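For reference, the chains in residue letters:
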Amino acid sequence: MSASHASQSSTETYDYDMMRRAMIDSQLRPNAVEQKWILQAMGETPREDYVPMQYRDIAYMDRSVPMGTQRYLAPALTSALMLQKADIQTNDTILFIGSGSGYNAMIAAKRARHIIAVESDIENQAVADNITFIQGPLSQGAAEHGPYSLIVIEGAIEQVPQNIIDQLAIGGRLLCGLMEGEVSHLCIGYKHSNTMALVAFMECEIEKFMSKYGFDKEKEFSF
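Residues numbered from 1 in each chain as written. Predicted model: local features only at pLDDT ≥ 70, side-chain atom pairs only at ≥ 80, totals over all residues. Heavy atoms only, no water.

## A few points about helix α2 (residues 16–28)
Considered for burial, the residues of α2 that qualify are Tyr 16, Met 19, Arg 20, Met 23, Ile 24, Gln 27 and Leu 28. Check the buried side of α2 and you find it contacts α3 (36–44) and α4 (76–86). (Buried < 20%, exposed > 50% of the residue type's maximum accessible area, 1.4 Å probe, protein only. Helix = DSSP H or I, 4+ residues; strand = E, 2+ residues; numbered from the N terminus. Contact = heavy atoms within 4.5 Å.)

## Looking at empty space enclosed by the protein
Counted by the stated rule, this structure contains 1 cavity of 30 Å³ or more. Put simply, the largest cavity is a space of about 230 Å³. In terms of lining residues, the largest cavity is bounded by 24 residues, among which Tyr 72, Leu 73, Ala 74, Gly 98 and Glu 154 are the most central. Counting only elements with at least two residues in the lining of the largest cavity, the list comes to β2 (71–73), α4, α5 (103–109) and β6 (148–157). Its residues assigned to classes, the lining of the largest cavity comprises 9 nonpolar, 11 polar and 4 charged. (1 Å grid on protein atoms, 1.4 Å probe; cavity = no way out; pocket = protein on both sides within 12 Å on 5 of 7 lines; lining within 4 Å. Points joined across faces, edges and corners; volume = space filled by probe spheres on them. Nonpolar A, V, L, I, M, F, W, Y, C, P; charged D, E, K, R; others polar.)

## Quick look at unusual backbone geometry
Note the cis peptide between Gly 146 and Pro 147, where omega equals 0°. Looking at the element boundaries, Pro 147 is found in the loop between β5 (131–135) and β6. Backbone geometry at Ala 32 places phi at a positive 70°, although glycine is not the residue there. Summarising the element assignment, Ala 32 is placed in the loop between α2 and α3. Backbone geometry at Thr 69 places phi at a positive 50°, although glycine is not the residue there.

## Overview of the state of the cysteines
Under the counting rule described, the total for this entry stands at 0 disulfides. Looking at the unpaired Cys 187, the closest cysteine sulfur is the one in Cys 176, lying at 5.4 Å. For Cys 187, a relative accessible area of 1% translates into the label buried. Sulfur of Cys 204: no disulfide; nearest cysteine sulfur belongs to Cys 187 and is 8.2 Å away. (Disulfide = S-S within 2.5 Å.)

## Notes on the pattern of salt bridges
Taken as a whole, this structure holds 10 salt bridges when the rule is applied. Here Arg 56 and Asp 49 are joined by a salt bridge, their closest N and O atoms 3.1 Å apart. Across the pair Asp 121 and Lys 212 runs a salt bridge, and its minimum N-O distance is 3.3 Å. Residue Asp 121 is located in the loop between β4 (114–119) and β5, and its partner Lys 212 is located in the segment after β9 (195–203); the two are separated by 91 residues in the primary sequence. (Salt bridge = Lys/Arg side-chain N within 4 Å of Asp/Glu carboxyl O.)

## Side note on the packing of aromatic side chains
Evaluation of the coordinates by the stated rule reveals 4 aromatic pairs. With 5.6 Å between their ring centres and 65° between their planes, Tyr 50 and Tyr 103 make a pair best called edge-to-face. Linking Tyr 50 in the loop between α3 and β1 (65–68) with Tyr 103 in helix α5, this pair joins segments that are 53 residues apart in sequence. Geometrically, the ring pair formed by Phe 209 and Phe 215 is tilted, given 5.6 Å between the ring centres and 45° between the ring planes. For the pair Phe 209 and Phe 215, one class covers both residues: buried. Taking NZ or CZ as reference, Arg 47 lies 5.2 Å from the ring centre of Tyr 103, over its face. Over the face of the ring belonging to Tyr 213 we find Arg 71, whose NZ or CZ atom lies 5.1 Å from the ring centre. (Phe/Tyr/Trp six-rings, centres within 6.5 Å; stacked < 30°, edge-to-face > 60°. Lys NZ or Arg CZ within 6 Å of the ring centre and 35° of its normal.)

## Remarks on the side chain of Gln 27
Structurally, Gln 27 is set in helix α2. On the basis of relative accessibility, which here comes to 11%, the residue Gln 27 falls in the buried class. Within the structure, Gln 27 has its side chain in polar contact with the backbone oxygen of Tyr 60 (distance 2.8 Å). Apart from the residues within four sequence positions on either side, Gln 27 is in contact with Ala 22, Tyr 60, Met 61, Asp 62, Ala 76 and Leu 77. (Polar contact = N/O pair within 3.5 Å; in protein donor to acceptor, adjacent residues only side chain to side chain.)

## Considerations on the nonpolar core
The nonpolar side chains of a soluble globular protein tend to be buried with one another. Leu 28, Val 33, Met 42, Ile 88, Ile 94, Phe 96 and Ile 115 are the most contacted members of the largest nonpolar core, which totals 51 residues. Ignoring sequence-local partners within four residues, the contact set of Met 42 consists of Arg 20, Met 23, Ile 24, Leu 28, Ala 76, Ala 80, Tyr 103 and Ile 107. Within the second largest apolar cluster, 21 residues are counted, among which are Leu 138, Ile 165, Cys 176 and Phe 215. (Core = buried A, V, L, I, M, F, W, Y, C linked by side-chain atoms within 4.5 Å.)

## Looking at the side chain of Glu 154
With respect to the element layout, Glu 154 can be found in strand β6. No salt bridge is formed by the buried Glu 154; its nearest oppositely charged neighbour, Arg 71, is found at 7.4 Å. A polar contact is formed between the side chain of Glu 154 and the side chain of Asn 104, at a distance of 2.6 Å. With sequence-adjacent residues up to four places away left out, Glu 154 is seen in contact with Phe 96, Ile 97, Gly 98, Ser 99, Asn 104, Ala 105, Ile 206 and Phe 209. (Lys, Arg positive; Asp, Glu negative; His and termini not counted.)

What follows is the structure, encoded as structure tokens:
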């Protein structure tokens, strides 16, 4: 986005309430988002407050929104389908990894018992009594607050580190984006004993975490 566009956008007035209703009616409902609490929470939460000022005008478009440091807020539909698949319960303690400004954590906090949100380099903007933000390396999670009944990794990755799986309670579930070549899929896994296998349930737009965050597979050497 050019500097002139950003400057122009900051002086324009947008009807964000109307844009939020349009997001619900044209993006979420037609694409099998059915859980009422998700529709209500996303209809009440001002998504524009969770993106940089210069991108508020595109907060409700069906696309990822830049957050800085090569990170993005996933499209609303991706967030909604991931949270719906997570089947969040009122007694869940959830770990969000790479929580960004906290938009998805704020949506989940409308239903879950407690949220732990880990972020390394984006300032959070979500405020709720049942959200605790932690600044630290994403690949380390927050073991001191676990085990968790649900872990959500807010980006596409190549693999889930074992130390993250260790923070999941037996029978707990994990949601993330998984890279397969250049394509990302939303995946869910359930922990049995100390192992977990991810199963893809839909192709989606979700940005890949950079290598520095520690979710890439080790490169195989060849001669």
